[in-house]
Amino acid sequence: MGNTRPNVDLDQPDEQLDRAIEELRGVLHEERQRPDAEFRAASGANSNVIMNIPVDVQIILGSTEMPVSELMGLQKGSTVALNRRIGEPVDVVVNGRKIARGEITVLESDPSRFGIRLTEIIAGTKGA
């Protein structure tokens, strides 16, 4: 793996995230092609670059639109219908950008909690 990287100003969080995602994809792609121990050790050093970047992760179950009057009428126990059905994938959004889709799953270690099983990684596109 070559170390020829263009000089990039990483002052913006989106630029940092873009760079980190692309670097991680490159490492994972090469790891699949060369699973030897020497490469894994080298890729571990490269992954340290992205480990300290803080990201905001959101799981988007769905959304809806409603008039303000309906919104103001919501109270404890109200139900808001979302635009997704049970079983449809949920969106995984990092720093405002949709990066993956997944399905809700119950944690085996703690059935009172749930998580997301990733089912699809979205290609490197801009915007959510």
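Since the model is a prediction, treat every value here as computed from it, not as a measurement. Along each chain, residue indices are assigned from 1 in the same order as the chain's sequence is written. Local features in this predicted model are restricted to residues whose pLDDT is 70 or higher, and side-chain atom pairs enter the listing and the counts only when it is 80 or higher, whereas totals over whole chains, interfaces and linings include all residues. With hydrogens and water excluded, all non-hydrogen atoms of the structure serve as input to the side-chain values.

Right, let's talk about the overall build of the protein chain for a bit. A tally of regular secondary structure across the protein chain gives three helices and four strands. Ordered by position from the N terminus, the helices and strands of the protein chain form the series α-α-β-α-β-β-β. Burial classes: relative accessible area under 20% of the type maximum marks a residue as buried, over 50% as exposed, and values in between as partly exposed (1.4 Å probe, protein chains only). Counting only residues that meet the buried cut, the protein chain has 17% of its 128 residues in that class. Throughout, a residue-residue contact means that at least one pair of heavy atoms, one from each residue, lies within 4.5 Å. If you take every contact in the protein chain between residues at least 6 apart in sequence, the share linking residues at least 24 apart comes to 43%. A 1.4 Å probe and the Shrake-Rupley method give the accessible areas. Residues count as covered only by the protein chains that appear here. Here the protein chain displays about 9,900 Å² of accessible surface, and carbon together with sulfur accounts for 53% of that area. Strands are runs of DSSP state E lasting at least two residues, helices are runs of H or I lasting at least four, and both sets are numbered from the N terminus onward.

Salt bridge, as used here: a side-chain nitrogen of Lys or Arg that lies within 4 Å of a carboxyl oxygen of Asp or Glu. Using the criterion set out here, one finds four salt bridges in the structure. Residue Arg84 pairs with Asp91 through a salt bridge whose shortest N-O separation is 2.6 Å. Residue classification places Arg84 among the partly exposed residues on the basis of a relative accessible area of 24%. Within the structure, one salt-bridge network assembled from shared partners comprises Arg84, Asp91, Arg101 and Glu120.

A few words on the sheet that holds strand β4 (residues 114-121). Pairing is antiparallel in the open sheet, where four strands are placed in the order β1-β2-β3-β4. Since the sheet does not close on itself, it has two edges, and those belong to β1 (57-60) and β4, each with one partner. Direction aside, the axes of adjacent strands within the sheet are offset by 40° on average. Examined bridge by bridge, β1 and strand β2 (residues 90-94) share four bridges and lie antiparallel to one another. Looking across to β2, one finds that Val57 is bridged to Val94. Following DSSP output, two strands are said to pair if at least two bridges run between them. Throughout, an axis means a line fitted to C-alpha atoms (over the contacting stretch in the case of helices), and angles, computed between N-to-C directions, take values from 0 to 180 degrees.

In this analysis, a patch consists of residues with relative accessible area above 30% that form no salt bridge, clustered at 9 Å for like charges and at 5 Å for the nonpolar side chains Val, Leu, Ile, Met, Phe, Trp and Tyr. There is a patch of nonpolar side chains on the surface, built from Val55, Val57, Ile59, Leu61, Leu71, Leu74, Val80, Leu82, Ile104 and Phe114 and spanning about 850 Å² of accessible area. Tracing the sequence through the fold places Leu82 in the loop between α3 (68-72) and β2.

As a per-residue measure, pLDDT tells how confident the predictor is, with possible values from 0 to 100. With 69% of its residues at a pLDDT of 70 or more, the protein chain shows a mean pLDDT of 78. Ranking the helices and strands of the protein chain by mean pLDDT puts α3 first, with 95, and helix α2 (residues 37-47) last, with 58. The model gives residues 1-10 a pLDDT under 50, and that stretch makes ten contacts with residues more than four places away or in other chains.

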